[in-house]
Amino acid sequence: MPTDSLLSRFMHLMPQSRHVMSLASRIAAALFGGYAVAYFAAAALAVILPLVRSEAAVTAMLLGLLVYAAAVMWVFSARSAAHAWLVLLIIAAVCAAVAYLPGMLS
Amino acid sequence: MKKTFSQSMAWLHTWSGLIFGWILFAIFLTGSLSVFDREISQWMQPESAASQVPATTAVDRAADYLRNNHPDAPSWLIVPPSDRSATMLAYWQEGQEFPHVALDPATGKVAKRDTDGGHFFVHFHYQLHAGTIGTWIVGGVGLMMLIGLLSGIVIHKRIFKDFFTFRPRAGAQRSWLDAHNALGVLTLPFLLMITFSGLAIFAFMYLPSPVKLLYGDSLEDSEEFFHEARPHVDLEPTDQSAALLPLGGFVERTQQAFGTEQIWYISVDHPGDENAVVSLEPLYGEQLTLSNQLIQFRGITGELLQKGMPFQPATHTQRVLTGLHFAQFGGAVTHWLYFISGLVGTAMIATGLLLFSVKRRRQIVLDSDVSTGFLNVVDRLNVAAIAGPILACLAYLWANRLLPPGLAERPAWEIGAFFAVWALSLIHALWRPARRAWLEQFTAAALLSLLLPLLNMLTSSQHLLVTLPAGRWRLAAVDLTVLALGLACVWLLRRLGMERQRTAVSGSAAPVWELADS
């Protein structure tokens, strides 16, 4: 019964491949989601910080690096990959709004 | 992902440590060598080692070379000879690039035995010889190093107790773990500093959003940012040509202004123009911060433009981080502390890599997540990632002595030897059983290190029998450090042999290199 054995082999692979997919998604969240958060958090900080603009830019860049490191660490302790993506994208969107909306509105 | 934060950090530490450790070892090794880049350059150009031309005369000769060969370059930069190096470097701008050549201060001509010298290690450790893409890769790997350190702290609950724990004979897995922990904890402040400061140097490149937002997207916009952040005088070229004053005079005035003999560099913006600007910084500043000791003159009139304009706090912080990373401050003691701390960090990375498969082969990790086939690949890549870069660096020095001094494209050949030997190490590691590969490659490293001072005697006049009696420690230290590396390899080989015998007698505690064969 070739169909049966193929099916059972496939069923056997399922949990394994789901695990791999979720891990890949998590790694992608850390790499790209984490970078998006760091990128937009740095932009938001640059706008918020009450400093001369060169000072605000330098402070934001240095803190942004730490934000990236923290984001990656958090992604790997998050409940699930989907949860990690959701939270990172929300934070990135809020930061982007803080950074770019004032310029767009004025 | 795992049940607790600590468990997920352990997972992250293990896996990111394995994947990124393979390249981090090479970055930390070459980064440590970069501390002594000038001494290595000097060693690699023994023909110029004896000349003792004062910086004032030397920079005039370098300026002559640049005027004759690159008169239209938008800027020049000269690194004069110092007590760390008898040769000097002349850079000129070509677009966004700064090519350079090593000059012999005695003749003002390109130094015999053209080489990138120790500069190659500096370059490699932040670019992997791969340009901008390399800087991005090193940035990503550096971020993972930072995460590795932070997650290491999280999972290491007994950090204080383990600091005093080392059980060299407690069996392979325990002693590798102790070594990894002890080396990591010992150098933790250094490792955090060197990793974060390395990222901070290129922060502008990695996270461009603040500058794009506050200044704009164009190249001119980012130049405006740099101008505001780094207080210095810029003059627009007038297109009126004028004769530059001899550069030696500016060196002398800087020496007087800061009370130091050693000049780090002298640069000239639009050298043939009426608005030429000459900028200098002294070397071995007592301050950590690079370039708040910047002094600038008008190149045509000699008028002082500014001296030591202060930084604002955030920029100052970033410059201090840069200064901490470049290790130009202090003297020989500081340099040796950096070098040794860097090597301890390198060893910490190596022990971490070994630990990965030791733990799994002994099934300490119970829900063993990987197959034996995967561990075999890991063991082989470990050989290529640890022994490989050591052999490659040695091959670079050997190539310097064996290639004919007048060879065209000589620096490229030396660098080619570095990568060729690293590739050979990988092929060898994939071909041989892992334990044999360790033994054979460390035997090769021991031989290359122990014989290098001999090769130096045969091929140059600046070897230990000359440099030691003359008390020329900076040059002798290169030979002696390589000898010490050779002895360390011999010690490691002896331990490999001893472990093997012990295992044969007791039938237990098979060490990593034994297990690697199974």
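Only a predicted model underlies this, so the values are computations on that prediction, with no experimental measurement involved.

## Remarks on the overall build of chain B
Turning to step 1, where the next piece is worked out: Across its full length, chain B holds 20 helices and 7 strands.
Turning to step 2, where the next piece is worked out: Long-range contacts, defined as pairs at least 24 residues apart, comprise 69% of the intrachain contacts of chain B with a sequence gap of at least 6.

## Topic: unusual backbone geometry
Residue and element names in this part refer to chain B.
Turning to step 1, where the next piece is worked out: Its identity as a non-glycine residue notwithstanding, L128 has a phi of 55 degrees, on the positive side.
Turning to step 2, where the next piece is worked out: Position of L128 relative to the elements: it lies in the loop between α4 (119-127) and α5 (131-155).
Turning to step 3, where the next piece is worked out: Positive phi is not limited to glycine here, since E409 has a value of about 55 degrees.
Turning to step 4, where the next piece is worked out: Mapped onto the secondary structure, E409 falls in the loop between α15 (372-402) and α16 (410-431).
Turning to step 5, where the next piece is worked out: E409 gets classed as exposed once you count the C-beta atoms within 10 Å, which come to 9.

## Focus: the packing of α15 of chain B against helix α17 (residues 434-459) of chain B
A pair of packed helices is characterised by two quantities: the angle between their axes and the separation of those axes.
All names here are of chain B.
Turning to step 1, where the next piece is worked out: At their nearest, the axes of α15 and α17 sit 10 Å apart, and the two run at 15 degrees to each other. By the angle between their axes, α15 is roughly parallel relative to α17. In terms of crossing hand, the pair formed by α15 and α17 is left-handed.
Turning to step 2, where the next piece is worked out: Here the contact of α15 with α17 is built from residues that sort into 16 nonpolar, 4 polar and 3 charged.

## What about the interface of chain B and chain A?
How big an interface is tends to be stated in terms of the accessible area lost upon association of its parts.
Turning to step 1, where the next piece is worked out: In this complex, chain B contributes 29 residues to the contact, which on the side of chain A involves 29 residues.
Turning to step 2, where the next piece is worked out: Only α1 (5-34), α5, α8 (188-201), α9 (203-206), α10 (209-214), α11 (219-229) and α13 (313-326) of chain B provide two or more residues apiece to the side of chain B that touches chain A.
Turning to step 3, where the next piece is worked out: Partitioned by chemical class, the residues of the side of chain B that touches chain A number 22 nonpolar, 6 polar and 1 charged.

## Quick look at the UniProt feature "transmembrane region" (unreviewed entry) in chain B
Turning to step 1, where the next piece is worked out: The UniProt feature table records "transmembrane region" (unreviewed entry) at residues 12-36, 133-155, 183-207, 336-356, 377-399, 411-431, 438-455 and 475-493 of chain B.
Turning to step 2, where the next piece is worked out: Counted over residues 183-207 of chain B, helix gives 88% and strand 0%. Its end C-alpha atoms are 32 Å apart.

## Describing the packing of α15 of chain B against α16 of chain B
Residues and elements named next belong to chain B.
Turning to step 1, where the next piece is worked out: At a closest axis distance of 7 Å, the pairing of α15 and α16 adopts a crossing angle of 150 degrees. Here α16 runs roughly antiparallel to α15, going by the angle between their axes. Both α15 and α16 take part in a crossing whose hand is right-handed. Facing α15, whose interface residues are R380, V383, A384, A387, G388, P389, L391, A392, A395, Y396, A399 and N400, α16 presents W413, E414, A417, F418, F419, V421, W422, S425, L426, A429 and L430.
Turning to step 2, where the next piece is worked out: Classifying every residue of the contact of α15 with α16 by side-chain character gives 18 nonpolar, 3 polar and 2 charged.

## Observations concerning the environment of S357 of chain B
Residue and element names in this part refer to chain B.
Turning to step 1, where the next piece is worked out: Relative to the helices and strands, S357 is located in helix α14 (residues 332-361).
Turning to step 2, where the next piece is worked out: For S357, a count of 23 C-beta atoms within 10 Å gives the class buried.
Turning to step 3, where the next piece is worked out: A C-alpha to C-alpha distance of 9.4 Å links S357 and F374, two positions 17 residues apart in sequence.
Turning to step 4, where the next piece is worked out: Beyond its immediate sequence surroundings of up to four residues, S357 is in contact with L375, V378 and D379.

## Digging into the environment of S461 of chain B
Residues and elements named next belong to chain B.
Turning to step 1, where the next piece is worked out: Note on placement: S461 falls in the loop between α17 and α18 (464-467).
Turning to step 2, where the next piece is worked out: In this structure, the C-alpha to C-alpha distance between S461 and A49, residues 412 residues apart in sequence, is 9.3 Å.
Turning to step 3, where the next piece is worked out: Among residues more than four places away in sequence, those in contact with S461 are P46 and V466.

## Regarding α17 of chain B
Residue and element names in this part refer to chain B.
Turning to step 1, where the next piece is worked out: Taking 1.5 Å of rise per residue, 26 residues should cover 38 Å, and α17 covers 35 Å from first to last C-alpha, within 8% of that figure.
Turning to step 2, where the next piece is worked out: In α17, a bend of some 40 degrees at L452 exceeds every other bend along the element, and P453, a proline, comes one to four places later.
Turning to step 3, where the next piece is worked out: Among the residues of α17, those classed as buried are A434, R435, A437, W438, Q441, F442, A444, A445, L448, S449, L452 and N456.

## What to know about the nonpolar core
A general trend in soluble globular proteins is that nonpolar side chains are found buried together.
Turning to step 1, where the next piece is worked out: Ranked by size, the top nonpolar core spans 129 residues in total, and within it V37, A38, F40 and A42 of chain A together with L391 of chain B carry the most contacts.
Turning to step 2, where the next piece is worked out: In this view, A38 of chain A contacts G64, V67, Y68 and A71 of chain A together with L207 of chain B; residues no more than four positions away in its chain are not counted.
Turning to step 3, where the next piece is worked out: Counting residues in each nonpolar core, the second largest holds 34 residues, with A55, V79, L89 and L247 of chain B among its members.

Cut-off values and rules
- Residues numbered from 1 in each chain as written.
- Chains lettered and ligands numbered in written order.
- Predicted model: local features only at pLDDT ≥ 70, side-chain atom pairs only at ≥ 80, totals over all residues.
- Helix = DSSP H or I, 4+ residues; strand = E, 2+ residues; numbered from the N terminus.
- Contact = placed C-beta atoms within 7 Å.
- Buried ≥ 20, exposed ≤ 12 C-beta atoms within 10 Å, placed from the backbone.
- Axes fitted to C-alpha atoms, helices over the stretch in contact; angles between N-to-C directions.
- Parallel < 35°, antiparallel > 145°, perpendicular 65-115°, else oblique.
- Left-handed = near helix turned anticlockwise from the far one by under 90°.
- Nonpolar A, V, L, I, M, F, W, Y, C, P; charged D, E, K, R; others polar.
- UniProt positions renumbered as here; feature names shortened; annotations may be inferred.
- Expected span 1.5 Å × (residues − 1).
- Bend = angle between axes of the 7 residues up to and from the residue.
- Core = buried A, V, L, I, M, F, W, Y, C linked by C-beta atoms within 7 Å.

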